[in-house]
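# A look at the structure
Chain by chain, the residues run as shown.
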Amino acid sequence: MSAVLAAESLVFSYGAMRVIEGVSLSLTRGHFCGLIGPNGCGKSTLLRLLSGVLSPSEGTVFLEGQPLRDIEPRARARRIGYVPQQQSRVFPFTALELVLTGRSPYTSRFRFETGRDVDIAMEALESVGATHLAKRPITELSGGEQQMVVVARALAQRANLLLLDEPAAALDLKHRAQLLGALQRLREERELTVLVVTHELQMLDASFDYLLAMRGGRLVAEGPSQDVLNEKTLSEIYEDPGVRAHRVEGRTFVWS
């Protein structure tokens, strides 16, 4: 299958500090992929490069075979939904108003959202179980509630590729399961391709087809969950000989 998203030999530095070193990857349509690795290894930076927020100093990102740098930003936003790890939410927009900003790639500068845009935004909120938050100011929501609304904003873009940076970090068990269930359902309905940065190793077996693992700015392992979530590979990724992994009934439990 042709790649929805591909990267070839990406290199990126913050000043004199090189944080991405020769990363290449490929995601096919419908892939549900996790990106793991220790803090500071370059996961969030890689996601910014893949979304077009940052431009590589070397190498190329391709979206359905086309160099990402050649795609106009609004057209890119109709094809890639990106949820960063942290966002500033100073203005007291309601949750619905925030989700409606995800429709901006489809509206002209001087046109307000249509009834269809509102329907799509409400559908996105419903997908993550957050319709009851629609009229509440985003500044009054808990961190987990805000995160669900931000994911709904990305879903409202109707992109066929989602890049999510630790979307479940602030969520309790119920809402984490709800979010993963929504993403899985949308993958089946729309052939959605999803790449998720996560430290939640315990949830990877149940939902993810494929894992990418980083260390020191490089991809050091990739493959199906069961091929990556093992003691030898995880000990190398996290440089921790004390990592233990035990597989029970198709699930891998990891601790150190």
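The preceding data block contains the structure.
Rules used in this analysis
Residues numbered from 1 in each chain as written. Predicted model: local features only at pLDDT ≥ 70, side-chain atom pairs only at ≥ 80, totals over all residues. Heavy atoms only, no water. Helix = DSSP H or I, 4+ residues; strand = E, 2+ residues; numbered from the N terminus. Rg over C-alpha atoms; globule rule 2.2 N^0.38 Å. Buried < 20%, exposed > 50% of the residue type's maximum accessible area, 1.4 Å probe, protein only. Areas by Shrake-Rupley, 256 points an atom, 1.4 Å probe, with all protein chains shown as cover. Lys, Arg positive; Asp, Glu negative; His and termini not counted. Charge placed at Lys NZ, Arg CZ, Asp CG, Glu CD. Contact = heavy atoms within 4.5 Å. Pairing = 2+ DSSP bridges. Axes fitted to C-alpha atoms, helices over the stretch in contact; angles between N-to-C directions. Parallel < 35°, antiparallel > 145°, perpendicular 65-115°, else oblique. Nonpolar A, V, L, I, M, F, W, Y, C, P; charged D, E, K, R; others polar.

Moving on, we get to the overall build of the protein. Across its full length, the protein holds 9 helices and 12 strands. By the compact-globule yardstick of 18 Å for 256 residues, the protein fits well, its C-alpha radius of gyration being 18 Å. For the protein, the spread of C-alpha atoms along the three principal axes comes to 55 × 40 × 35 Å. Out of the 256 residues belonging to the protein, those deemed buried represent 50%. Accessible area of the protein: about 12,200 Å², with a carbon and sulfur share of 50%. Averaging the coordinates of the 29 positive side-chain charges in the protein and doing the same for the 30 negative ones gives two points 5 Å apart.

Within the element layout of this structure, Arg 187 appears in helix α6 (residues 173–190). Using a relative accessible area of 15% as the deciding quantity, one classes Arg 187 as buried. Other than its neighbours up to four places away in sequence, Arg 187 contacts Gly 30, His 31, Phe 32, Leu 192 and Asp 209.

Once that is clear, we can look at the sheet that holds strand β4 (residues 58–63). If you trace the 4 strands from one edge of the open sheet to the other, you get β2-β1-β4-β5, paired in antiparallel fashion. A strand with exactly one partner marks an edge of an open sheet, and here the two such strands are β2 (17–28) and β5 (66–67). As defined by bridge partners, strand β1 (residues 3–14) adjoins β4 across 5 bridges and the pair is classed as antiparallel. Counted as the bridge partner of Val 11 is Glu 58 from β4. Running over the sheet, helix α1 (residues 43–51) touches β1, β2 and β4 and is turned about 125° from β1.

To continue, consider the packing of helix α5 (residues 143–156) against α6. For any two helices packed against each other, one specifies the inter-axial angle together with the distance between the axes. One can describe the packing of α5 onto α6 by two numbers: an axis separation of 12 Å at closest approach and a directional angle of 5°. Taken as axis vectors, α5 and α6 run roughly parallel relative to one another. Of the residues in α6, those in contact with Met 148, Val 151 and Leu 155 of α5 are His 175, Gln 178, Leu 179, Leu 183, Leu 186 and Arg 190. Of the residues in the contact of α5 with α6, the class split is 6 nonpolar, 2 polar and 1 charged.

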